[in-house]
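# Chains, contacts and geometry: an overview
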Amino acid sequence: MKSAFKQSIDKAINDANLTGALGKFSEAYKVNRARAYEGIDFELLRTVIAERKSYAASNLDLMAAEFTRNAEAAGARVFQTDDPEKVKEYILKVARDNFVKTVVKSKSMATEEIHLNAYLEKAGIKVGETDLGEWIIQLAGQTPSHMVMPAIHMTKEEVSELFSKEVNERLSTDIPRLVEVARKELRSKFLAADMGITGGNIAVAETGSIVLVTNEGNARMVTTLPKIHIALVGIEKFVEKFADAIPILTALPRSATAQLLTSYVSIITGPSPNTDGSTKELHIILMDNRRTEMANDPKFKQALQCIRCGSCLNVCPVFRLVGGHVFGKIYTGGIGTILTAWFDELKKSEEIQGLCIQCGNCKEICPSKIDIPELIMEIRRRLVQKEGLPLLHKAIYSVVNNRRLFHGMLRAASLAGKPFASGKFLRHLPLFLADLTDGRSLPAIAAEPFRDRFKKIKQPKLNEKAVFYAGCLIDFAYPEMGEALVKILNKAGIEVIFPEEQTCCGAPARYSGAYEVAARNAIDNIKALLSEEVQYVVSACPTCTVALSHEFISTFESLGQKEWLPKAKELAGKTVDFSTLVKKLVDDGRLSLNDRRKLGKVTYHDSCHLKRTLQVSSQPRELLSKAGYELAEMFECDMCCGMGGSYSIKLPEISAPILQRKLQNIKETGAPVVAMDCPGCVMQIRGGIDQDGADIRVRHTVELLAEQLED
Ligand code: SF4
Ligand code: SF4
């Protein structure tokens, strides 16, 4: 019996409306967003936003005091609390004191966070959402599926059904007609409302102003028509100066919906007059709800830089497949996982944190420079720290931490898998393992691992030496990739050393939050890889390269383990990925590729870690071109293939459709070869192509280049 969480994933994936709408939007979004940012230095802009927001987060008390002083001087009443219950009580008291019967609201995640609508409705106050998307989901009794486009999952047929019930008239699915109905219905709500409630996109301490950004103008109606306006503002919305709002207003529409400008930007400083000459009541509630605690957490403080643009959702391969409801709570996607862990509780993020495949797309695009994947890893670490590891993981990691036992078991698995192997693939596995070969064949474990084959390679004695870190996949599944690497480096005058004591890089443990296990793997590898005096430690697996060059250090730092840090840094300084090293050797004239042959088309898949963490994407392309290939870029070449290490085993229902999309993009190029620099991606894509039956060769760049060495 599947868990409720797994059932919700299945439901979302099988909802063609949802996956269709999100898929189409996200594909168009990247192109349109790039256009919207033309002429703008995005790196500079996001650095400025991150700095200004970080400053405000470091000085929340100061911001709150200054904001309160200035807002009160302008005539607003300011109430600050860290308790969501007190927020609701305050709003209800204002409502009761003023005999409020109906409230209109503009879109506000902070009010969703504290479930304000249900609370007010229970107290007998009618609440009407006025953002079109929010109104639709309110009528449907649902929660938002996207931070910026709450009803993106609904079709015009469903909306027409909802509106028909609401106005008691059979409506067609004609969109202009539906909009007309919405406008008429909402207009009467605005006019009848006793109180308006908004959030606040920005709160300016210097002036005590609230900045509201909408596309429909509804916030302007909510704040001007009723006689009372309450703005509920999370204290992460502070900026110090009015000028600090400019970069946010530059990024927000571009990042949210790829617009140059939002239709309406309202800046509210103090209450405005009513039409009868009286003055409006303006209440501003500054809500903490663990934001100060977050600001004091050195890891999570950066999450307060979020400007709620939602672009991290638009580029997330998982979100665009399952949408927001799978995340179960108010905040969705990667950033939503982090906010749920804080504004709700850590335990509530236990299942949803597993949805993140760690592709890094969100980090690359975030206008506030938030390292979402790293923060999700930290959530995993804290969950393991608090709840301990599941028994199965404990058993697996005790093996992984014992190199001899681990490698012995991999050798045994080579024999055990033989009855199920067909050529180089495992196409069907028995019993409970059957799911593993659904939609993707697995590589058979090599009869002779690289570590054994290496001993038989006859290398010339050369002065320059490099250590090769193979990683588990090249060592035990694809030893031919290791042999190709030795051939290339020898050709460039470099002798390869393979320290036998090297073991798993610890990435699977780290990505599960088992940092102690990852740290033990790191120590074993540091000892092995630094045992020889060499200039380079080279790896042909980007995940392993990232472990050696970044994650050993951050794992020790997270655990407060100082002893091995200097050695980890020494190793990081020597570590290089295969393509970067070979490109350098070619540029230095030490290696020539035979470019006289015309090898035809090749398409290239960027592996997540190589492209986004190691920032390597042009090098393999240039090398393939130099070797005689004609590059045919595929659509979304840098979108994850769904492998994600053990992700494809834990969540095959998500991994499989991500892979199918990748295969489609590969096929559409018409290239007979697809290259990549990651053995994990080779495993996923080659396995997918094997089951698909397409006549496409899936190769690691190292293999393609080794075939084209100049004699
Ligand atoms: S790292 Fe990738 S999968 Fe994880 S939240 Fe970010 S975009 Fe989504
Ligand atoms: S985390 Fe970054 S990309 Fe995501 S909503 Fe916040 S600011 Fe936007």
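Given the structure is predicted, the values throughout are model-derived calculations rather than measurements. (Residues numbered from 1 in each chain as written. Chains lettered and ligands numbered in written order. Predicted model: local features only at pLDDT ≥ 70, side-chain atom pairs only at ≥ 80, totals over all residues. Heavy atoms only, no water.)

## Considerations on the overall build of the protein chain
For the protein chain, the count of helices and strands is 34 helices and 21 strands. Expected size for 711 residues packed as a compact globule is a radius of gyration near 27 Å; at 28 Å, the protein chain falls within 12% of this value. In terms of overall dimensions, the protein chain has a C-alpha envelope of 95 × 55 × 50 Å along the principal axes. Here the protein chain holds 711 residues, and 58% of them are scored as buried. Pairs at least 24 residues apart make up 78% of the contacts formed inside the protein chain by residues separated by at least 6 positions. Carbon and sulfur atoms make up 54% of the accessible area of the protein chain, which amounts to about 29,000 Å² in all. Between the averaged position of the 92 positive side-chain charges in the protein chain and that of its 88 negative side-chain charges there is a distance of 2 Å. (Helix = DSSP H or I, 4+ residues; strand = E, 2+ residues; numbered from the N terminus. Rg over C-alpha atoms; globule rule 2.2 N^0.38 Å. Buried < 20%, exposed > 50% of the residue type's maximum accessible area, 1.4 Å probe, protein only. Contact = heavy atoms within 4.5 Å. Areas by Shrake-Rupley, 256 points an atom, 1.4 Å probe, with all protein chains shown as cover. Lys, Arg positive; Asp, Glu negative; His and termini not counted. Charge placed at Lys NZ, Arg CZ, Asp CG, Glu CD.)

## Digging into the environment of Tyr119
Looking at where Tyr119 falls in the secondary structure, it is placed in helix H7 (residues 116-122). What makes Tyr119 partly exposed here is its relative accessible area of 23%. Sequence-wise, Tyr119 and Arg320 are 201 residues apart; in three dimensions their C-alpha atoms are separated by 31 Å. Tyr119 has contacts with Lys88, Glu89 and Leu92, leaving out every residue within four places of it along the chain.

## A few points about the site of ligand 2
By nearness alone, 13 residues border ligand 2, and Cys306, Cys309, Gly310, Cys312 and Cys366 come closest of all. When its residues are assigned to classes, the shell around ligand 2 shows nine nonpolar, three polar and one charged. (Near = heavy atom within 4 Å. Nonpolar A, V, L, I, M, F, W, Y, C, P; charged D, E, K, R; others polar.)

## Focus: the sheet that holds strand S6 (residues 209-214)
Ordered in space as S8-S5-S6-S9, the four strands form an open sheet in which the pairing is mixed. A single partner strand is all that each edge strand has here, and the edge strands are strand S8 (238-239) and strand S9 (264-268). With three bridges connecting them, strand S5 (residues 202-204) and S6 associate as antiparallel partners. Directly across from Ile202, in S6, lies its bridge partner Val211. (Pairing = 2+ DSSP bridges.)

## Comments concerning the domain arrangement of the protein chain
Split into domains, the protein chain comes out as domain 1 (48-292), domain 2 (450-587) and domain 3 (600-706). Of note, the centres of domain 1 and domain 2, computed from C-alpha atoms alone, are 52 Å apart. (Domains from an automatic or database assignment.)

## Some points on the side chain of Arg510
Summarising the element assignment, Arg510 is placed in helix H24 (residues 507-511). A relative accessible area of 3% places Arg510 in the buried class. When neighbours within four sequence positions are excluded, Arg510 is seen to be in contact with Glu374, Met377, Tyr515, Ala518, Glu551, Ser554 and Thr555.

## So, the pairing of strand S4 (residues 195-198)
Neither face of S4 is left uncovered, since the one carrying Met195 and Ile197 and the one carrying Gly196 and Thr198 both have all their residues buried. Examined bridge by bridge, S4 and strand S7 (residues 228-234) share four bridges and lie parallel to one another. When the bridges of S7 are listed, Met195 appears paired with Ile228.

## Considerations on helix H1 (residues 4-13)
Regarding H1, the residues found buried are Phe5, Ile9, Asp10 and Ala12. Seen end-on, H1 carries its buried residues on one side only, within an arc spanning 165°. Along H1, the residues that are exposed and aim more than 90 degrees away from the buried face are Ala4 and Lys11. Residues of H1 that are buried sit in contact with helix H2 (16-36), helix H15 (319-322) and helix H32 (652-669). (Arc of directions from axis to C-beta.)

## Considerations on a nonpolar patch on the surface
On the surface, a cluster of nonpolar side chains totalling about 210 Å² of accessible area is made up of Phe242, Val265 and Ile267. Take Phe242: it is sitting in the loop between S8 and helix H12 (245-257). (Patch = residues over 30% accessible without salt bridge, like charges linked within 9 Å, V, L, I, M, F, W, Y side chains within 5 Å. Salt bridge = Lys/Arg side-chain N within 4 Å of Asp/Glu carboxyl O.)

## Some words on the site of ligand 1
What surrounds ligand 1 is the set Cys316, Pro317, Gly334, Cys356, Ile357, Gln358, Cys359, Gly360, Asn361, Cys362 and Pro373. Partitioning the shell around ligand 1 into residue classes produces seven nonpolar, four polar and no charged.

## Brief notes about the pattern of salt bridges
When the charged atoms of two side chains lie near each other, side chains of opposite charge can form a pair. Going through the model one piece at a time under the given rule, you end up with 50 salt bridges. In this structure, the salt-bridge partner of Arg177 is Glu180, at a minimum N-O distance of 3.4 Å. Taken as a pair, Arg177 and Glu180 lie in helix H10 (residues 175-192) at a separation of three residues, close to a single helical turn. Using a relative accessible area of 27% as the deciding quantity, one classes Arg177 as partly exposed. What makes Glu180 partly exposed here is its relative accessible area of 45%. Here Glu636 makes a salt bridge to Arg320, at a shortest N to O gap of 2.7 Å. With a gap of 316 residues between them, Glu636 in the loop between strand S19 (629-631) and helix H31 (647-650) and Arg320 in helix H15 connect regions that are remote in the sequence. The exposure class of Glu636 is buried, given its relative accessible area of 12%. Overall, Arg320 belongs to the buried group, its relative accessible area being 4%.

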